[in-house]
Each structure stands twice: as structure tokens, then as C-alpha cells.
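Chain by chain, the residues run as shown.
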Amino acid sequence: MAGQNGNRRIVFIGSDHAGFEAKQHIIDYIREKGYAESVTDLGTHSDKRVDYPDYGVAVAKAVTGHKNAFGIVICGTGIGISIAANKVPGARAALCTSPLHAEMARKHNDANILALGGRTTPLPEMESITDTWFRTEFEGGRHRRRVEKIHALTEKQG
Ligand code: RB5
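Small disclaimer: the values here were computed from a predicted structure and weren't measured.

Enquirer: Just checking my understanding: could you explain the sheet that holds strand S2 (residues 38-41) for this structure?
Expert: Whenever strands of a sheet pair, they do so through backbone hydrogen bonds, lying parallel or antiparallel. Read across the sheet, five strands follow the order S2-S1-S3-S5-S4 without closing on themselves; strand pairing throughout is parallel. Each edge of the sheet is formed by a strand with only one pairing partner; in this case those strands are S2 and strand S4 (93-95). In this sheet, adjacent strand axes meet at a mean angle of 20° when their direction is disregarded. One ladder, built from five bridges, connects strand S3 (residues 69-75) with strand S5 (residues 113-117); its direction is parallel. Along S5, the bridge assignment pairs valine 73 with alanine 115. Running at roughly 165° to strand S1 (residues 10-15), helix H1 (residues 20-33) makes contact with S1, S2 and S3 of the sheet.

Next comes the structure, spelled out in C-alpha cells:
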């Protein structure tokens, strides 16, 4: 629920040029809805062409370096930036194109980074995805064991 954990939750957000406009919109939306205590914009800060891995990794490092932190990453499709974010140990970035994806990513995968496609998902749909994301909790139980297995892979590889 908005305002439940929302008051203590912190959010880091980043995009490339293709996600820039959507990022600005979603920052305002999260603030308006009160989904987080703070929203930190890690760039990019214009529609000048940049490389999405730089922003995916910056968000993932910030999220994994803080308690109760979530990330949002946006590129043209959400694909490249989520691939990059998931290279950071502890990151669980999920590309969501519908509220159902967001619901399942939180409930079953305990995803901590929401990836969106600025060129593929219209802004009203992004808002619905964001609503579901912040209103859905991890279910734990058998899903925790599976998430731990994912993390064990990254630990072994260093
Ligand atoms: C940039 O043109 C585009 O490739 C990028 O935003 C993203 O869609 C990559 O996955």
C-alpha cells in the first residue's frame, strides 16, 4: 500500500536517452503517490544519446548498497538496461510490460529493480505497472529458497 512501507522506502531511478522522458514522468508520479521517502535521479539528464549499461549499473549498485531500496531503470525497450543491471550481485531487475508482470516479479521473485521500456510501454500503462509494483509484497516461503539459489550463482562467480 502507498504510505505503508512507502514512507521508509527509497528509490533510485535511471534511464538512457530513450527512457529519459518516461523517467521524468515516473519520478513525478512516484512523488505524487508517496510511494517512497526519497527518489534519487541517477540520470541521464537529457535526451542526448548515452549508453544504457552505465545507468543500469549505477542504479543496481545504489539499490544493492542501501537498505529498503528499490530501483527503476528505463531504456527504449527495458531489455538492455535490465540485462546490465542484473550483472550487479544482489540486483533482481525485472522487465515488466504489464501490471501482472509487476505483481509476479514482486510476489515470486522479490525483484528489487523495475525495468520499463520507454519506447514500448505507454505512460498510463507504466503508471499502472508502478502502482502494482509498489503495492505488492514478496510472498517469501518457497520463493525465498529459489531467490537464494539465484544469489548463490553470483556469489560463486564472484
Ligand atoms: C537505444 O537506441 C536503445 O538501444 C536502448 O534504449 C535500449 O532499447 C536497449 O535495449
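Enquirer: Is there a simple way to explain the confidence of the model for the chain in this structure?
Expert: Should pLDDT be low for a region, the predicted coordinates there are not to be read in detail. On average, residues of the chain score 94 in pLDDT, and 94% of them are at 70 or above. The lowest-confidence element of the chain is helix H6 (residues 142-156), averaging 90 in pLDDT; the highest-confidence one is S5, averaging 99.

Rules of the game
Residues numbered from 1 in each chain as written. Predicted model: local features only at pLDDT ≥ 70, side-chain atom pairs only at ≥ 80, totals over all residues. Heavy atoms only, no water. Pairing = 2+ DSSP bridges. Helix = DSSP H or I, 4+ residues; strand = E, 2+ residues; numbered from the N terminus. Axes fitted to C-alpha atoms, helices over the stretch in contact; angles between N-to-C directions. Contact = heavy atoms within 4.5 Å. pLDDT = per-residue confidence, 0-100.

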